[in-house]
Amino acid sequence: MEPKKKVFGNLRQKARPLLSYMRGGRKSPSKPEVRPEGVLDHRMSASVPDIRNLRHSSGATDSELDSPPQSSPGTPLFRPHFSPSPLSASSGRSVPDGPRRPTAWASTEVIGGGGGYPEERVSLKRHESPENGPQAAAHHGVRLSTELPSVEVSEDKSENPLERNGQEMPTIKDIDNNSSLDVGGESLYLPEHLRDSQKTYLLNITLKEGKNLVIRDRCGTSDPYVKFKLDGKTLYKSKVVYKNLNPVWNEIFAFPVPDLDQKLFVKVYDRDLATDDFMGSSSVALDELELEKTHQMELDLSDPNSLEEDMGVIVLDICLSLRDGESKKNASGPSQQTKRLSESLKKGQLWCGVWSITLVEGQDMPEEGPGDLYVRFRLGEQKYKSKNHYKKARPQWRERFDFNQFPDGPYNLEVEVWAKESRRNEERYGTCEVDLSIVSVNQPQVFTRTLNQGRGRVLFVVKLNVCSGVSVSDLDAAPLEDLDERENMHNRYAFRNSLKNIRDVGFLQVKVIKATDLLAADLNGKSDPFCVLELGNDRLQTHTIYKTLYPEWNEVFTFPVKDIHDILEVTVFDEDGDKAPDFLGKMAISLLSIHNGQQITCALRKEDLGRPSKGTISLELDVFFNPIRASIRTFNPKEKKFQEDNPKFSKKILTRNVVRVRNLLRAIVSTHHYVKSCFQWESIQRSIIAFMVFVLTVWYWEFYMLPFYLVLLIVRNYLQIASVTGHDTDSMDLGDDEEDDEKEEKRGLVEKFHMVQEIVITVQNILEEIASFGERIKNTFNWSVPFLSNMVFLVLVIATVLTYFIPVRYIILAWGINKFTKKIRKPFAIENNEIMDFLSRVPSDVQKAQYSELRGPGWQSPARRKKNAT
């Protein structure tokens, strides 16, 4: 005990003048007192950094660390400040009031060694915890300070009196978990906030409603939702309330907050299909909130980039509480927060039914003016645009499409009729609305709604079908991992159940595992990636993983398959705060090419799926479908995508399409040359076989032979593909690789202009040939050239008589024998096509307008004569 008494005797000796200064009895010493080497004040925790290694790295000398604190002290290694707490009276002594004990209400400063203590004698004794055994003996000290000058601390472990007595120092964790510590037989009461120094806060928010929000849609309303952001990350996103400037949410959520020295931003957006419109924001300073008290707030929204003064308010309740207990802290860490946000995301994107809408016709529509009519349907975020139909009183659209029904709505279906004369000239004829909540399940209901401007009516049919099979779950809770569920899927789509529920074609499960080596979209060289899965018009997405290029989502998505020919598109985006997300990569896979249970790693590509992008994504896919139902669905109209594309001119796409048309023309010309070679006897063996097949087919012709020959063609192509090892059916060059881009950059402006000019001329010539061919056929029958029309009339009369008395097979047989023997009979004859030769004499409309005609007095065109006669 002698070394122990010596240590704390030195402690009291050095601390007495300092405490006297605090009482006002003497002035502060101008110089730090010199402490004898080898004297140790206090050793508590190995969790404090090693001051021996950090002194010189921080730029402070030993004397600077031991000097009294000045008005601008150096940066401490660790200095949390807390509210005052009195010393404990566990030692049996009362805590007196008055100026004698000001140090009891001081802050706590944990540095890395040594320090002054209050005047009272303090001793230490062994304190053990489950996590800190004898091996956790500390190498650094803890100072409970009242901003007093620090005292030199010995770094020699041998001078620790507790270690010489086989005792162990308490750790910071011990301080967190205990209200007081036994120190050398006496109890030291720790300030309350010292025990809470490692704990987090919990922010509980009740989002109630919005009032008088701004208008962002053309219809005079908005579709608002709210984002809560902290430290640049989206912590919560509310549901969308459609067509309402005074939305009511009543959503309750909570998340942990590690630091109160920041603001919570509340931002309101209007949901749109393309880019969401900003409706204003506000903020809450967390350090101004009183603990354990519910604050009722009305936050005024504002936008510095907007001229609108009153943008409405958001009403919410907010309560900040202090979390305690290590288990609670671990249970509410980042993973728990991510899980909570993921659950909120799941609820907002799962649908429970499908509205099947059939647009039948329009009634009493105005017919004046040129252009077309089309109809737009909108249900929340889902939109559909019908085909264009030329203006008439009763346009017949006869189109069917589906909208998903979500548990929280919306139910207000908007219908708009538009007239379009050109790409930039559109006029809205009128609108109407329908409340879909009145539609019963599996009960089609016919709606005939008059447009609000009285310019006609729209007739359509709505049917609600119950939908199952859509879900979002974690990787360890995948539906098909259950053997009973997998067996149920096999039975559900078995061949014997083909005629049950024809619309239920199949079931798709997608495991989104991870992505690697993604593009860095943020300035810090990282990204905040999330993944979007689209199957037809059905859309699901993963949660966001922040600040990584190697995200691991480990989520499972299931879709009901409505068409086995649909394409699964998986797109990776970077969450970019208030802006539209940045594109990182995309891949697409046909459902018919999926191998069940096989994990695949696909390279990401650009948005047009042409050029490769950076990164890969790992998926595991399973698809079950009934082939009979899928075959029946194949012969029904294909569902259109909701997204309205606004195509722009692209030289690459134009070049690619020209090449495609050329390839088709070359295939047709190649087939024509092959048939022509049979007539020309270029290969005697081939011509003899072709002649025998032609004669036998015409002589014994039955209609079944047509599909039979097509079957032979398909079998022939299959054998060719099977005979070629590694045949690639997807060998089309999209012409968008990086080498083409590099060559494009090297080309000059004049060369690019000539290239575009050449492509445009080619397209112009192709369109000219197609238009001229159609116009020549039309002018053959409308007496544009009376001589040619008379010829056609006589030929058709003769053909009618011949086919009446002579069977058609004999006529075809005679024509074929003539074609096959013409080369033998006339070796030097010129091959020709009589029908095409005749049509080449018929002028097109352009040629008719260009040619001059001699017209006598009183001459009138046939059209003019007909008009005058009426």
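Scoring rules and cut-offs
- Residues numbered from 1 in each chain as written.
- Predicted model: local features only at pLDDT ≥ 70, side-chain atom pairs only at ≥ 80, totals over all residues.
- Heavy atoms only, no water.
- Helix = DSSP H or I, 4+ residues; strand = E, 2+ residues; numbered from the N terminus.
- Buried < 20%, exposed > 50% of the residue type's maximum accessible area, 1.4 Å probe, protein only.
- Contact = heavy atoms within 4.5 Å.
- Areas by Shrake-Rupley, 256 points an atom, 1.4 Å probe, with all protein chains shown as cover.
- Axes fitted to C-alpha atoms, helices over the stretch in contact; angles between N-to-C directions.
- Parallel < 35°, antiparallel > 145°, perpendicular 65-115°, else oblique.
- Left-handed = near helix turned anticlockwise from the far one by under 90°.
- Patch = residues over 30% accessible without salt bridge, like charges linked within 9 Å, V, L, I, M, F, W, Y side chains within 5 Å.
- Salt bridge = Lys/Arg side-chain N within 4 Å of Asp/Glu carboxyl O.
- Lys, Arg positive; Asp, Glu negative; His and termini not counted.
- Charge placed at Lys NZ, Arg CZ, Asp CG, Glu CD.
- Expected span 1.5 Å × (residues − 1).
- Arc of directions from axis to C-beta.
- Pairing = 2+ DSSP bridges.
- Nonpolar A, V, L, I, M, F, W, Y, C, P; charged D, E, K, R; others polar.
- pLDDT = per-residue confidence, 0-100.
- Polar contact = N/O pair within 3.5 Å; in protein donor to acceptor, adjacent residues only side chain to side chain.
- Phe/Tyr/Trp six-rings, centres within 6.5 Å; stacked < 30°, edge-to-face > 60°.

### Structural notes on the overall build of the protein chain
Move 1: Looking only at helices and strands, one finds 20 helices and 28 strands in the protein chain.
Move 2: Scored against the burial criterion, the 870 residues of the protein chain give a buried share of 40%.
Move 3: Pairs at least 24 residues apart make up 68% of the contacts formed inside the protein chain by residues separated by at least 6 positions.
Move 4: Carbon together with sulfur atoms contributes 55% to the accessible area of the protein chain, which is approximately 50200 Å² in total.

### As for the packing of helix 11 (residues 651-680) against helix 15 (residues 749-781)
Move 1: The contact between helix 11 and helix 15 brings their axes to 10 Å, and the two run at 45 degrees. On the basis of their axis angle, the class for helix 11 and helix 15 is oblique. Helix 11 and helix 15 meet at a crossing whose hand is left-handed. Residue-level contacts link Lys651, Leu654, Thr655, Val658, Val661 and Arg662 of helix 11 to Met755, Val756, Ile759, Val760, Thr762, Val763 and Ile766 of helix 15.

### Structural notes on a negative patch on the surface
Move 1: On the surface, a cluster of negative charge is contributed by Asp231, Asp259, Asp261, Asp287 and Glu288.
Move 2: For Asp287, a relative accessible area of 48% translates into the label partly exposed.

### Looking at helix 12 (residues 684-699)
Move 1: Between its first and last C-alpha atoms helix 12 spans 22 Å; for 16 residues at 1.5 Å apiece the expected length is 22 Å, and the two agree.
Move 2: If you check which residues of helix 12 are buried, you get Ser687, Phe694, Thr697 and Val698. On an axial view of helix 12, the arc spanned by its buried residues comes to 105 degrees, and they lie on one face. Away from its buried face, by an angle of more than 90 degrees, helix 12 presents the exposed residues Ile684 and Gln685.
Move 3: Buried residues along helix 12 sit against helix 11, helix 13 (705-723) and helix 17 (808-825).

### Considering the pairing of strand 7 (residues 263-270)
Move 1: Counting buried positions over the 8 residues of strand 7 gives 6, a clear majority of the element.
Move 2: Pairing geometry for strand 7 and strand 8 (residues 277-285), over 8 bridges, is antiparallel. Considered in strand 8, the bridge of Leu264 is made with Val284.

### Focus on the sheet that holds strand 4 (residues 224-230)
Move 1: Strand order across the open sheet formed by 4 strands is 5-4-7-8, with antiparallel pairing between neighbours. The sheet is open, and its two borders are formed by strand 5 (233-237) and strand 8, each paired with just one other strand. Taking the axes of each pair of neighbouring strands and ignoring which way they run, one obtains an average angle of 25 degrees across the sheet.

### A closer look at the packing of helix 11 against helix 12
Move 1: Packing of helix 11 against helix 12 brings their axes to within 8 Å, and their N-to-C directions diverge by 95 degrees. Here helix 11 lies roughly perpendicular to helix 12, going by the angle between them. For the pair helix 11 and helix 12, the contacting residues are Tyr674, Ser677 and Cys678 in the first and Arg686, Ser687 and Ala690 in the second.
Move 2: Taken together, the residues that form the contact of helix 11 with helix 12 break down as 3 nonpolar, 2 polar and 1 charged.

### A few points about the confidence of the model for the protein chain
Move 1: Taken over all residues, the pLDDT of the protein chain has a mean of 74, while the share at 70 or more is 68%.
Move 2: Note on residues 17-197: pLDDT is under 50 here. Beyond four places in sequence and across chains, it has 288 contacts.
Move 3: This stretch, residues 325-335, has a pLDDT under 50; its non-local contacts, to residues over four places away or in other chains, come to 9 contacts.

### What about the side chain of Asp622?
Move 1: As for its placement among the helices and strands, Asp622 is situated in strand 28 (residues 612-625).
Move 2: Looking at Asp622, the relative accessible area reads 2%, which means it is buried.
Move 3: A distance of 3.0 Å separates a polar side-chain atom of Asp622 from the backbone nitrogen of Gly597.
Move 4: Discounting chain neighbours no more than four positions away, the residues touching Asp622 are Leu480, Arg486, Phe507, Leu508, Gln509, Ile594, Asn596 and Gly597.

### Some thoughts on the packing of aromatic side chains
Move 1: For the structure shown, the criterion picks out 20 aromatic pairs.
Move 2: Taking the centre distance of 6.4 Å and the plane angle of 55 degrees together, the rings of Phe228 and Tyr236 count as tilted.
Move 3: Taking the relative accessible area as the measure of exposure, Phe228 reaches 0% and is therefore buried.
Move 4: Take Tyr236: its relative accessible area is 11%, and that puts it in the buried class.
Move 5: Relative to Phe253, the ring of Tyr236 lies with its centre 3.8 Å away and its plane at 10 degrees, an arrangement referred to as stacked.

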